[in-house]
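# Summary of the model geometry
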Amino acid sequence: MTQHLGKSLRHNASQCLRRLRREMHNRARDLQTEFPGRNRFSAPNLWFMRQFYNEHCDKPKLQSLIGEISWAKNLLIMARCKDDVERKFYLRATARFGWTSKVLQHQFREFSKSALSEHIDNEKRSQ
């Protein structure tokens, strides 16, 4: 019985994903028709928009920061940072210092883990 239920759930999830992909493709096509020449409405970008919404919809402290930097930088931070405190750090630093996307990528690679840990500890104490 458990195996049958698991198979059924996997099949249903697979069908939902196919419908969602089809819906994203159709929405992308419709948006590109309505707003020609704007490549931000591609199907992959709509997936990023969906993920971005899911990641930030219930986080008002981050919402106020995400509008201060570009979409590309927000995507980099979303992909790189799994922790809200780390995201907040990079959102603030990017806005404050005017980091480009390349500088932001460099900061991800080079930023001292101890300095980031210190910032995270300070942030947690202030909450």
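Keep in mind the model is a prediction, meaning the values are calculated, not measured.

### Quick look at the pattern of salt bridges
All chains considered together, the criterion is met by five salt bridges. Across the salt bridge formed by Arg-29 and Asp-30, the nearest N and O atoms sit 3.7 Å from each other. The partner of Glu-55 in a salt bridge is Arg-87, with the nearest N and O atoms 2.8 Å apart. Separated by 32 residues along the polypeptide, Glu-55 in helix H2 (residues 43-56) and Arg-87 in helix H5 (residues 84-97) bring together distant segments of the chain.

### Brief notes about H2
When the terminal C-alpha atoms of H2 are compared, their 20 Å separation across 14 residues agrees well with the 20 Å that a helix rising 1.5 Å per residue should span. Looking at H2, one finds that the buried residues are Asn-45, Leu-46, Phe-52 and His-56. Taken around the axis of H2, the buried residues stretch over an arc of 115°, which confines them to a single face.

### Side note on the packing of helix H4 (residues 71-80) against H5
Where H4 meets H5, the axes come as close as 9 Å, and the angle between the chain directions of the two elements is 155°. Comparing their axes, H5 and H4 come out roughly antiparallel. Of the two elements, H4 crosses H5, and the hand of that crossing is right-handed. Residues Lys-73, Asn-74, Ile-77, Met-78 and Arg-80 of H4 touch H5, and the partners they reach there are Glu-86, Arg-87, Tyr-90, Leu-91 and Thr-94.

### Comments concerning a positive patch on the surface
Positive charge collects at one region of the surface, where Arg-18, Arg-19, Arg-21 and Arg-22 lie side by side. The topology assignment puts Arg-19 in helix H1 (residues 2-34). Under the relative-accessibility criterion, Arg-19 is labelled partly exposed at 45%.

### Here we look at empty space enclosed by the protein
This structure, assessed with the given rule, holds one cavity of 30 Å³ or more. Of the pockets and cavities examined, the largest cavity occupies roughly 30 Å³. What lines the largest cavity is His-56, Ile-66, Asn-74, Ile-77, Met-78, Arg-87 and Leu-91. Every element with two or more residues in the lining of the largest cavity is listed here: H4 and H5. Ranked by residue count, the leading element in the lining of the largest cavity is H4, at three residues. A class-by-class count of the residues in the lining of the largest cavity yields four nonpolar, two polar and one charged.

### Quick word on the confidence of the model for the protein chain
For the protein chain, the mean per-residue pLDDT works out to 84, and 80% of the residues sit at or above 70. Ranking the helices and strands of the protein chain by mean pLDDT puts H4 first, with 93, and helix H7 (residues 113-126) last, with 66.

### Section: the nonpolar core
Here is a general trend for soluble globular proteins: nonpolar side chains tend to be buried in one another's company. Judged by nonpolar contacts, the single largest core of 16 residues is most densely connected at Ile-77, Cys-81, Tyr-90, Leu-91, Trp-99, Leu-104 and Phe-108. At the level of elements, helix H3 (60-66), H4, H5 and helix H6 (101-110) are the ones that each hand at least two residues to this core. Discounting chain neighbours no more than four positions away, the residues touching Trp-99 are Lys-73, Tyr-90, Ala-93, Thr-94, Leu-104 and Gln-107.

Conventions adopted
Residues numbered from 1 in each chain as written. Predicted model: local features only at pLDDT ≥ 70, side-chain atom pairs only at ≥ 80, totals over all residues. Heavy atoms only, no water. Salt bridge = Lys/Arg side-chain N within 4 Å of Asp/Glu carboxyl O. Helix = DSSP H or I, 4+ residues; strand = E, 2+ residues; numbered from the N terminus. Expected span 1.5 Å × (residues − 1). Buried < 20%, exposed > 50% of the residue type's maximum accessible area, 1.4 Å probe, protein only. Arc of directions from axis to C-beta. Axes fitted to C-alpha atoms, helices over the stretch in contact; angles between N-to-C directions. Parallel < 35°, antiparallel > 145°, perpendicular 65-115°, else oblique. Left-handed = near helix turned anticlockwise from the far one by under 90°. Contact = heavy atoms within 4.5 Å. Patch = residues over 30% accessible without salt bridge, like charges linked within 9 Å, V, L, I, M, F, W, Y side chains within 5 Å. Areas by Shrake-Rupley, 256 points an atom, 1.4 Å probe, with all protein chains shown as cover. Lys, Arg positive; Asp, Glu negative; His and termini not counted. Charge placed at Lys NZ, Arg CZ, Asp CG, Glu CD. 1 Å grid on protein atoms, 1.4 Å probe; cavity = no way out; pocket = protein on both sides within 12 Å on 5 of 7 lines; lining within 4 Å. Points joined across faces, edges and corners; volume = space filled by probe spheres on them. Nonpolar A, V, L, I, M, F, W, Y, C, P; charged D, E, K, R; others polar. pLDDT = per-residue confidence, 0-100. Core = buried A, V, L, I, M, F, W, Y, C linked by side-chain atoms within 4.5 Å.

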